[in-house]
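Residue strings, one per chain:
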Amino acid sequence: MAVTRKTRPAPGTSELAASVGLTDADLVAMYRTVALARAVDERMWILNRAGRIPFVISGQGHEGAQVGIAWPLERKKDFIAPFYRSIATCLAFGMTAQDILMAQYAKATDPSSGGRQMPGHYGNAENNLLSLSSPVATQMLHAVGIALAAKIRGSGQVAMTSMGEGSSNQGDVHEGLNFAAIHRLPFILVIENNGYAISVPAARQLATENVADRASGYGMPGVVVDGSDVLACYTASREAVERARRGDGPTLIEAKVIRLTAHSSDDQQTKYRPEQELAELRSHDALPRFRDQLAEAGVLSDEEEARIAAEIKAEVDAATDYSEAQPDPDPSTAMRWVFAEDWPSETPPPWGLGDGHSAAGHAAEEPRSAAEGATD
Ligand SMILES: Cc1ncc(C[n+]2csc(CCOP(=O)(O)OP(=O)(O)O)c2C)c(N)n1
Ligand SMILES: [Mg+2]
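K.L.:
Outline the sheet that holds strand 3 (residues 187-193), listing residues and values.
P.N.:
Overall, parallel pairing links the five strands, which are arranged 1-2-3-7-6 in an open sheet. Since the sheet does not close on itself, it has two edges, and those belong to strand 1 (79-81) and strand 6 (222-226), each with one partner. Sheet twist, expressed as the average angle between the axes of neighbouring strands with direction ignored, equals 20 degrees. Two strands pair when backbone bridges link them, and strand 6 and strand 7 (residues 251-256) are joined in this way by five bridges, in the parallel orientation. The residue of strand 7 that forms the bridge with V225 is A255. In the packing of helix 4 (residues 63-70) onto the sheet, contacts are made with strand 1, strand 3 and strand 7, and the angle to strand 7 comes to roughly 150 degrees.

Below is the structure:
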């Protein structure tokens, strides 16, 4: 009971955990997810520089906000339409390190798309994670549409999408926010503001200080949160989720995050970011901040931190080895599952389509001819 906890925290519930309505185990699980996302991301850069994977677009500096914000959403019930930096979001919502690396390698058994998508463009039907597309902000309308469906069906589901501050200037965002507010949809827009759209600084993207300042113009709350404060992000998101489930409508959350890496593996940020700025970035990093916060609260001991680090390393190593060993897609199947096919009556693709759709039997199937594929 909340009252009891406040005066005398239950076993396994420190004051810090009780202050946000969670347990110590929840906090450790959140920390583990932030740390796992960082480890997967760092591995991707090594693999890219070693010539093993073609492209990396990094979530480093965004992980704390992503985990805090994804946490209150219910797995396999709510929907998330992520963007290319959403590694931690996807891990928090059910994807594994292996799923992410399989997409980076574009292997035949990659669960995101069987190697069809651009690297960094994850998706996971099983976990209600939409596959994202390269043109920025297109996921806005997908997520608003899902929220509309949830409202019509009365399913109690919430749809969330995330994107950068640069993407928030796309016309789709205006249309989506306006529509979601009018119809009081169970929808959350998360802006992960890292201060840059590739090389363009925020001051050249926005005339307002915050993207969230625009929310009132649409008739919804706009919340600015420190993206390096995982629990502040969690609290902001939980309020938005509760509001959405109550039927009170959408929320815009803007998390001020940092971009620790270049925009992508094809970019050199020292060309446009001042040395001083790059030197100070680490002091705003959510990963050490959260670790120190949990250590000070007595939630995370040195031994447990070391155990988690070792577990994560083993997990990422195993995911790398597994992905390396998987076959590349057969070129003769390149046109399959790119355009609409007669699914679900047809055999699902080898990477599966979520609950109730077995991938069994596909391996034995003959690939369709190129001519047949071209008519799709
Ligand atoms: C419609 C569209 N225009 C341009 C691009 C090229 N592009 C890819 S990422 C990006 C920057 C987006 O910046 P922001 O939304 O702040 O996200 P960040 O990458 O900083 O996380 C741009 C312009 C694109 N992918 N789609
Ligand atoms: Mg940005």
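K.L.:
Go over the site of ligand 1, please, and point to the residues and values.
P.N.:
Around ligand 1 there are 14 residues in total, and P135, G164, G166, S167 and A197 lie nearest to it. Looking at the shell around ligand 1, the elements with two or more residues in it are strand 2 (159-164) and strand 4 (196-197). Here the residues of the shell around ligand 1 are counted per class, giving six nonpolar, six polar and two charged.

K.L.:
Quick rundown of helix 13 (residues 302-325)? Include the residues and the values.
P.N.:
Each full turn of the α-helix corresponds to 3.6 residues, which orients residues three or four apart in the same direction. Over its 24 residues, helix 13 extends 35 Å from the first C-alpha to the last, a length consistent with the 34 Å expected when each residue adds 1.5 Å. Of all the positions in helix 13, only V316, A319, T320 and S323 are classed as buried.

K.L.:
How would you sum up the environment of F79? Please name residues and give values.
P.N.:
Structurally, F79 is set in strand 1. Assessed through the 24 C-beta atoms surrounding it within 10 Å, F79 is described here as buried. On a C-alpha basis, the gap between F79 and A125 in space is 9.8 Å, while along the polypeptide they are 46 residues apart. Contact partners of F79, with chain neighbours within four places excluded, come to N128, L130, A143, I146, Q157 and A159.

K.L.:
Which residues make up the confidence of the model for the chain, and what are the values?
P.N.:
Fine structural detail should not be taken from predicted coordinates in areas where pLDDT scores are low. For the chain, per-residue confidence averages 90 on the pLDDT scale, and 88% of positions sit at 70 or higher. Per-residue pLDDT, averaged within each element of the chain, yields its smallest value for helix 14 (residues 370-374) (34) and its largest for strand 3 (99). This model gives residues 1-6 a pLDDT under 50, and the stretch forms four contacts once residues within four places in sequence are excluded. This stretch, residues 356-376, has a pLDDT under 50; its non-local contacts, to residues over four places away or in other chains, come to 28 contacts.

Scoring rules and cut-offs
Residues numbered from 1 in each chain as written. Chains lettered and ligands numbered in written order. Predicted model: local features only at pLDDT ≥ 70, side-chain atom pairs only at ≥ 80, totals over all residues. Pairing = 2+ DSSP bridges. Helix = DSSP H or I, 4+ residues; strand = E, 2+ residues; numbered from the N terminus. Axes fitted to C-alpha atoms, helices over the stretch in contact; angles between N-to-C directions. Contact = placed C-beta atoms within 7 Å. Near = placed C-beta within 6 Å. Nonpolar A, V, L, I, M, F, W, Y, C, P; charged D, E, K, R; others polar. Expected span 1.5 Å × (residues − 1). Buried ≥ 20, exposed ≤ 12 C-beta atoms within 10 Å, placed from the backbone. pLDDT = per-residue confidence, 0-100.

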